[in-house]
Amino acid sequence: MSALVVCEDIWKIYRLGDVEVQALRGIDLLIEEGEFVAIMGASGSGKSTLMNILGCLDHPTRGRYLLRGVDVAGLGANQLAEIRNRQIGFVFQNFNLIPRTSALENVQLPLFYRGMPLRQQRVLAAEALARVGLQGREGHYPSQLSGGQQQRVAIARALVVSPSLLLADEPTGNLDSTSSQEIMDILSRLNKEQGITIILVTHEIDIAAYAKRELVMKDGRIVADRHIARDASSLSVETS
Ligand code: ADP
Ligand code: MG
């Protein structure tokens, strides 16, 4: 295994007028390729701020972030956009699909941005939808899909670029427990069978239990970091 994510003493300080919010206060973190990490912690503890930095959507105020050994601070806007498009997949609580646009076209979008020929976009997008169990739903609009299905489209959109890192910020936060389990089964399978590194934020213990490592954040710091030893057969991913 090799280091995918390295954070060295990362601080994020927001200044709102005279008020200073220290959202991250000295994060040191090493995540290897192939890990499945759950980040837990109370609201306001800095989870989303950390995810935004890991996803190259935001810069730390201080400290270093290395992605595959590359210091992200040294990259220009175009190179960052390139990394986000090629190496990182994002899944959000609110799915963030484009309305009145088919599932297939939503998944095609990152390939469109790459300038890939349309025919190839369609083939890869259909494959990605099949990987999340949505074959036959390619032409559906988001409004014609359940929340769990919409989140599966979002996962397919994240996957279609073959990212090395999948970042999911409370991906089951808006879902019922059955849909949540389906989403977690899919993420577990992607991690196990395709070796995609997953970092997931959740405040639900049973969701975090799918991960192999659990970080707990409090007041901008990582206060616990444990590897979860578990018999893989206890997961429902084994069925099917
Ligand atoms: P979590 O995702 O764990 O709920 P966040 O990372 O969203 O926490 O927020 C951490 C802290 O940083 C909170 O105190 C929040 O109010 C503050 N914060 C987050 N984003 C901003 C921002 N853009 N401007 C100012 N303060 C922010
Ligand atoms: Mg958050």
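Now for a quick tour of the structure. (Residues numbered from 1 in each chain as written. Chains lettered and ligands numbered in written order. Predicted model: local features only at pLDDT ≥ 70, side-chain atom pairs only at ≥ 80, totals over all residues. Heavy atoms only, no water.)

**Describing the nonpolar core**
Within the largest apolar cluster, 40 residues are counted, with the highest numbers of intra-cluster contacts made by F36, V107, L129, V153, I155, L187 and L200. Listed by contribution, the elements that provide at least two residues to this core are β3 (36–41), α3 (103–113), α4 (118–131), α5 (147–159), β7 (165–169), α6 (177–194), β8 (197–201) and α7 (205–208). The leading source of residues in this core is α5, at six residues. Setting aside anything within four residues of it in sequence, one finds V107 in contact with A125, A128, L129, V153, A156, R157 and V160. (Core = buried A, V, L, I, M, F, W, Y, C linked by side-chain atoms within 4.5 Å. Buried < 20%, exposed > 50% of the residue type's maximum accessible area, 1.4 Å probe, protein only. Helix = DSSP H or I, 4+ residues; strand = E, 2+ residues; numbered from the N terminus. Contact = heavy atoms within 4.5 Å.)

**Focus on the site of ligand 1**
Every residue close to ligand 1 is listed here: Y14, L16, V21, A23, A42, S43, G44, S45, G46, K47, S48 and T49. Contact distances for ligand 1 include 3.1 Å between an oxygen atom and a backbone N or O atom of G46. At 2.9 Å, a backbone N or O of S48 approaches an oxygen atom of ligand 1. Taken together, the elements giving at least two residues each to the shell around ligand 1 come down to β1 (3–16), β2 (19–32) and α1 (47–54). It is α1 that provides the largest number of residues to the shell around ligand 1, a total of three residues. (Near = heavy atom within 4 Å. Polar contact = N/O pair within 3.5 Å; in protein donor to acceptor, adjacent residues only side chain to side chain.)

**Remarks on α4**
Because the α-helix completes a turn every 3.6 residues, residues three or four places apart line up on one side. For α4, with 14 residues, the first-to-last C-alpha span of 20 Å sits near the 20 Å given by 1.5 Å per residue. Regarding α4, the residues found buried are Q121, A125, A128 and L129. In a view along the axis of α4, the buried residues occupy a sector of 100 degrees, so they form one face of it. Immediately downstream of α4, the backbone of G133 shows phi near 75 degrees, a positive value. (Expected span 1.5 Å × (residues − 1). Arc of directions from axis to C-beta.)

**Points about the pattern of salt bridges**
This structure, assessed with the given rule, holds 10 salt bridges. Across the pair R152 and E182 runs a salt bridge whose closest N-O atoms are separated by 3.7 Å. With R152 in helix α5 and E182 in helix α6, the pair connects residues that are 30 residues apart, well separated along the chain. Residue E182 is classed as partly exposed on the basis of its relative accessible area, which comes to 36%. R226 serves as the salt-bridge partner of E214, at 2.6 Å between the closest nitrogen and oxygen. Within this pair, whereas E214 is found in strand β9 (residues 213–218), its partner R226 is found in strand β10 (residues 221–227), the two being separated by 12 residues in sequence. Overall, E214 belongs to the buried group, its relative accessible area being 12%. (Salt bridge = Lys/Arg side-chain N within 4 Å of Asp/Glu carboxyl O.)

**Details of the pairing of β8**
Of all five residues making up β8, five are buried, and the element is well covered by its neighbours. By the alternation rule, side chains of β8 split into T197, I199 and V201 and I198 and L200, which are all buried. Bridge analysis of β3 against β8 gives four bridges, and the strand direction is parallel. In the sheet register, I39 faces β8, and the bridge partner there is V201. Where β7 lies against β8, five bridges are found, and the strand directions are parallel. Within the sheet, the bridge partner assigned to L166 lies in β8 and is I198. Between the parallel elements β7 and β8, the chain passes through α6 in a crossover that is right-handed. (Pairing = 2+ DSSP bridges. Right-handed = clockwise from strand over helix to strand, strands pointing away.)

**Quick look at the environment of S179**
By the secondary structure assignment, S179 is in helix α6. Judged by its relative accessible area of 12%, S179 is buried.

**Quick word on the sheet that holds β7**
One open sheet accounts for six strands, arranged β6-β7-β8-β3-β9-β10; its pairing is mixed. The open sheet has two edge strands, β6 (88–92) and β10, and neither has a second partner. When the angles between neighbouring strand axes are averaged without regard to direction, this sheet yields 15 degrees. Bridge analysis of β6 against β7 gives five bridges, and the strand direction is parallel. Bridged to I88 within β7 is L165. Along the sheet, helix α2 (residues 77–87) makes contact with β6 and β7, crossing β6 at roughly 75 degrees. Its contacts with the sheet place α5 against β6 and β7, and it is angled at close to 165 degrees to β6. (Axes fitted to C-alpha atoms, helices over the stretch in contact; angles between N-to-C directions.)

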